[in-house]
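Commentary on secondary and tertiary structure
So you can see what is in the structure, the chains are spelled out below.
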Amino acid sequence: MKKVFGIFSQRRTVFLLGFYVVFSLFLMTLNDPYQLRGIRIAVLQTMSWMHQIRDHVNLVKNLKEENQQLRKKLLEKSLENQQMQESMLENIRLHRMLKFKEESNYSLIAAKVIGYGQEPTIRSLILDVGSADSVEKNQPVITDLGLVGKSLVVEKNQSIVQILMDRNSLVSARLQKSREVGVVGWSGNLWLDLNYISREVVVEPGEVVLTSGLSRIYPAGIKIGIVAEVRENEYELFKQIKIKPAVDFDRLEEVFVIKTPDSLKSREGID
Amino acid sequence: MSQLVIRYLLLFLFAFILQMTLVNFIEILQWRPDLLLIVLVAFALRKGPDWGMTAGFLIGLLQDMVGTELIGLAALSKTVAGFLAGVLSGKFAERAQFLLTLLISGLAHDFIYFFIYTLGEHFSLQSLIIFYTIPNLMYTIIIGGLLYYFMEPLMAE
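Residues numbered from 1 in each chain as written. Chains lettered and ligands numbered in written order. Predicted model: local features only at pLDDT ≥ 70, side-chain atom pairs only at ≥ 80, totals over all residues. Heavy atoms only, no water.

Before going further, it helps to examine the overall build of chain B. The secondary structure content of chain B amounts to 6 helices and 0 strands. The helix and strand sequence of chain B, counted from the amino end, reads α-α-α-α-α-α. For chain B, buried positions account for 47% of its 157 residues. For chain B, the accessible area works out to roughly 8100 Å², and carbon and sulfur atoms hold 72% of it. (Helix = DSSP H or I, 4+ residues; strand = E, 2+ residues; numbered from the N terminus. Buried < 20%, exposed > 50% of the residue type's maximum accessible area, 1.4 Å probe, protein only. Areas by Shrake-Rupley, 256 points an atom, 1.4 Å probe, with all protein chains shown as cover.)

Looking only at helices and strands, one finds 4 helices and 12 strands in chain A. When each of the 271 residues of chain A is scored for burial, the buried share is 33%. When contacts within chain A are restricted to residue pairs at least 6 apart in sequence, those whose partners lie at least 24 apart make up 58%. (Contact = heavy atoms within 4.5 Å.)

Attention shifts here to the sheet that holds strand E1 (residues 108-116) of chain A. Backbone-to-backbone hydrogen bonds join strands into a sheet, with any given pair of strands oriented parallel or antiparallel. Residue and element names in this part refer to chain A. Spatial ordering of the closed barrel is given by E1-E2-E5-E4-E3-E12, a layout of 6 strands whose pairing is antiparallel. Between one strand axis and the next, the sheet turns by 45° as a mean value, whatever way the strands run. Pairing geometry for strand E3 (residues 140-142) and strand E12 (residues 254-258), over 2 bridges, is antiparallel. Residue pairing across strands places Ile142 opposite Phe256, the latter belonging to E12. (Pairing = 2+ DSSP bridges. Axes fitted to C-alpha atoms, helices over the stretch in contact; angles between N-to-C directions.)

Next up on the list: the side chain of Gln63 of chain B. Residue and element names in this part refer to chain B. Inspection of the secondary structure assignment puts Gln63 in helix H3 (residues 49-66). A polar side-chain atom of Gln63 sits 3.0 Å from a polar atom in the side chain of Lys78. When sequence neighbours within four positions are dropped, the list of residues in contact with Gln63 reads Phe16, Asp34, Leu36, Ala74 and Lys78. (Polar contact = N/O pair within 3.5 Å; in protein donor to acceptor, adjacent residues only side chain to side chain.)

What follows is about a nonpolar patch on the surface. Residue and element names in this part refer to chain B. A cluster of nonpolar side chains, Leu107, Ile130, Phe131, Ile134 and Met138, forms an exposed patch at the surface whose accessible area comes to about 470 Å². Ranked by the residues each element gives to the nonpolar patch, the list is headed by helix H6 (residues 125-155), at 4 residues. Relative to the assigned elements, Ile134 resides in helix H6. For Ile134, a relative accessible area of 37% puts it in the partly exposed group. (Patch = residues over 30% accessible without salt bridge, like charges linked within 9 Å, V, L, I, M, F, W, Y side chains within 5 Å. Salt bridge = Lys/Arg side-chain N within 4 Å of Asp/Glu carboxyl O.)

Right, let's talk about the sheet that holds strand E8 (residues 192-195) of chain A for a bit. Residues and elements named next belong to chain A. Taken in spatial order, the 6 strands close into a barrel running E6-E7-E8-E11-E10-E9, and their pairing is antiparallel. When the angles between neighbouring strand axes are averaged without regard to direction, this sheet yields 40°. Here strand E10 (residues 223-231) runs beside strand E11 (residues 240-245); their pairing, made up of 6 bridges, is antiparallel. Along E11, the bridge assignment pairs Val227 with Ile243.

Membership of the largest hydrophobic core comes to 41 residues, with the highest contact counts inside it found for Leu127, Val148, Leu194, Val209 and Ile224 of chain A. Core analysis: the next-biggest nonpolar cluster, separate from the first, contains 29 residues, Leu37, Val39, Ala85 and Leu137 of chain B among them. (Core = buried A, V, L, I, M, F, W, Y, C linked by side-chain atoms within 4.5 Å.)

With that settled, the discussion passes to unusual backbone geometry. All names here are of chain A. Phi is positive for Asn138, which is not a glycine, with a value near 65°. Within the element layout of this structure, Asn138 appears in the loop between strand E2 (124-127) and E3. In this structure, Tyr196 takes a positive phi of about 65° despite not being glycine. One can find Tyr196 in the loop between E8 and strand E9 (208-211). Judged by its relative accessible area of 52%, Tyr196 falls in the exposed class.

With the rule as written, the count across this model stands at 13 salt bridges over all chains. Salt-bridge contacts for Glu80 of chain A lead to Lys77 of chain A; the nearest nitrogen and oxygen are separated by 3.8 Å. Of this pair, Glu80 of chain A and Lys77 of chain A both sit in helix H3 (residues 33-103), separated by 3 residues, roughly a single helical turn. The partly exposed category is assigned to Glu80 of chain A, whose relative accessible area is 38%. For Lys77 of chain A, a relative accessible area of 53% gives the class exposed. Taking the shortest distance from any N to any O, the salt bridge between Lys78 of chain B and Asp34 of chain B comes out at 3.1 Å. Here Lys78 of chain B is found in helix H4 (residues 73-87), whereas its partner Asp34 of chain B is found in the loop between helix H1 (3-20) and helix H2 (35-47), with 44 residues between them in sequence. Here the two residues Lys78 of chain B and Asp34 of chain B agree in accessibility, since each one is buried.

Below, the structure written as structure tokens:
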């Protein structure tokens, strides 16, 4: 008890002020309801603000969580969408290839491009088919758009294809309109060169260049590309013809290997 | 009870009667001096915060009893004013002590009073302070300054 009085005497002013303030407030609560209306409204407003603040804090917290979940979902859906788009594009490509295979007179082996050759001397593709799929060396490789190249190395389940854009690749070719025959080789850049076409022959840009069929490997009539540029030099016997390849070699995904007909195997000539 | 307290008690009663009667005649626009606040500040400066707030509480309560406003409101605001005046005792230079203490205590008094008074109402507390409290307080300070000049010798111990 003495201790309580001791504390009270030490802090008398504070206790006294507290007492008067509390008592005054208590007196205010004894007023009739009309007079208390303001205080009641203020208390309710304060409570309402506090609830609003609490709700706001909860809302922000919930929004953060929701935002994270939505971001995760968005990412998942985005990946799903990409996969679906990829599947759709693959479906279109495969459908086109299937149609080509059905309409083609050749005996075809479908293959997927699984890589690009790493040999410094040969520009090549790696296919997922090999001798186990009846692929043999020197078989033409095509797409529905045109000629890709020929099989060069054949393993059991893989094969390497030398593409037209290789410096050692030479293909006997024919101009579609004039029926003139030349040899197509790589020009060293994005184009192919059609060589040995006489200056006398009329060649215009846009003309289609096909395989000639004068080959042990390539059957006749496979599109190689279209003439992009024709030049002449009065001191040279042949035209300089640039060809835009029918196939985009950087975007190849599915190709076909043509099984060589027996009639071609025994034929003599350049590739 | 000391003579000083008795003298102040009489002064409070006198100020209270004047506040109820004569002050109405010196009202300018709506502004009127708070004579009880003047005496309260003078008393608290002399006797300190404990006496100051006790006197403030009792005078405020008396005002509440005769008024029609919220009972306890004047008691609360005058308690705080008395306490502040007591605490500020000796904090300023002697010449300015009374007027500055009256200003600070008066501001606290009016702020508490009108803050609670306007709670939940459509009055603007800001405009009430600018157009009513401050001019009213200035009026109280002017009258307080004059009264203190006469009151102080009378209250000398």
